[in-house]
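Here is how the chains run, residue by residue.
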Amino acid sequence: MDEKFIRDRLSRLREEKQVSERKMSLDLGHSTSYIRSITSGRSLPSMGEFLYICEYLNITPMEFFNEEKATTLLQQKAIDSIYSMSEEDLMLLTGFIDRLNASRRQK
């Protein structure tokens, strides 16, 4: 993993969130070119700033670096919703997911 990965991953996650580099920079309390300086390779965020960026993107640091199976923002929203579900609702949801997967395999 290298600086290019960090630049590319940040760009992709920002684009998925549909926010401009300028807006994200300002939302994080920096100058308008802060995110651009990271994605262009001119600088890297400090550890504290990296944690703020992850929080802004609504992901964990582990998810940021997970190259094998990236979680989209929509998937993360679904995962977050699962945490507040009752056991009964979770059983129904997993049954529904199993049914969808089975019907896809039959096609």
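Owing to the predicted nature of the structure, the values given are computational and were not obtained by experimental measurement.

Reading the values: the criteria
- Residues numbered from 1 in each chain as written.
- Predicted model: local features only at pLDDT ≥ 70, side-chain atom pairs only at ≥ 80, totals over all residues.
- Heavy atoms only, no water.
- Buried < 20%, exposed > 50% of the residue type's maximum accessible area, 1.4 Å probe, protein only.
- Helix = DSSP H or I, 4+ residues; strand = E, 2+ residues; numbered from the N terminus.
- Arc of directions from axis to C-beta.
- Contact = heavy atoms within 4.5 Å.
- Phe/Tyr/Trp six-rings, centres within 6.5 Å; stacked < 30°, edge-to-face > 60°.
- Lys NZ or Arg CZ within 6 Å of the ring centre and 35° of its normal.
- Expected span 1.5 Å × (residues − 1).
- Axes fitted to C-alpha atoms, helices over the stretch in contact; angles between N-to-C directions.
- Parallel < 35°, antiparallel > 145°, perpendicular 65-115°, else oblique.
- Left-handed = near helix turned anticlockwise from the far one by under 90°.
- Nonpolar A, V, L, I, M, F, W, Y, C, P; charged D, E, K, R; others polar.

## Structural notes on helix H4 (residues 47–57)
Working note: α-helix, 3.6 residues per turn, so residues spaced by three or four point in the same direction.
(1) Moving on: Taken together, the buried positions of H4 are occupied by Glu49, Phe50, Ile53, Cys54, Tyr56 and Leu57. Angular distribution of buried residues about the axis of H4 spans 160°; they occupy a single face of the element. For H4, the exposed residues set more than 90 degrees away from the buried face come down to Met47 and Glu55.
(2) Moving on: The inward-facing, buried residues of H4 abut helix H1 (3–17), helix H2 (21–27), helix H3 (34–39), helix H5 (61–65) and helix H6 (73–82).
(3) Moving on: Positive phi shows up at Asn58, right after H4, with a value of about 60°.

## Here's the deal with the packing of aromatic side chains
(1) Moving on: Here the structure, examined in full by the defined rule, presents five aromatic pairs.
(2) Moving on: The interplanar angle of 90° and the centroid separation of 6.4 Å between the aromatic rings of Phe5 and Phe64 together place this pair among those described as edge-to-face. On the criterion of sequence distance, the pair formed by Phe5 in helix H1 and Phe64 in helix H5 is long-range, its members being 59 residues apart. Here Phe5 matches Phe64 in class, with each residue buried.
(3) Moving on: Relative to Phe64, the ring of Phe50 lies with its centre 5.1 Å away and its plane at 90°, an arrangement referred to as edge-to-face. Of this pair, Phe50 sits in helix H4 while Phe64 is found in helix H5, placing the two residues 14 residues apart along the sequence.
(4) Moving on: The ring of Tyr56 carries Lys17 above its face, with NZ or CZ at 5.0 Å from the centroid.

## A short note on unusual backbone geometry
Negative phi values dominate among residues other than glycine, just as trans dominates among peptide bonds.
(1) Moving on: Phi is positive for Gln18, which is not a glycine, with a value near 60°.
(2) Moving on: Checked against the element boundaries, Gln18 lands in the loop between H1 and H2.
(3) Moving on: Overall, the relative accessible area of 73% leaves Gln18 in the exposed class.
(4) Moving on: Although it is not a glycine, Asn58 adopts a positive phi angle of roughly 60°.
(5) Moving on: Tracing the backbone through its elements, the reader meets Asn58 in the loop between H4 and H5.
(6) Moving on: For Asn58, a relative accessible area of 44% translates into the label partly exposed.

## Let's talk about H1
(1) Moving on: Along its 15 residues, H1 runs 21 Å from first to last C-alpha, staying within 8% of the 21 Å computed at 1.5 Å per residue.
(2) Moving on: Buried within H1 we find Phe5, Ile6, Arg9, Leu10, Ser11, Leu13 and Arg14.
(3) Moving on: Among the structural elements, H2, H3, H4, H5 and H6 are those in contact with the buried residues of H1.

## Topic: the packing of H1 against H4
(1) Moving on: Between H1 and H4, the least distance of the axes is 10 Å, while the angle of their chain directions is 30°. Classed by the angle they form, the pair H1 and H4 counts as roughly parallel. For the pair H1 and H4, the sense of crossing is left-handed. Between H1 and H4, the contacting residues are Leu10, Leu13, Arg14 and Lys17 on the first element and Ile53, Tyr56 and Leu57 on the second.
(2) Moving on: In terms of residue class, the contact of H1 with H4 is made up of five nonpolar, no polar and two charged.

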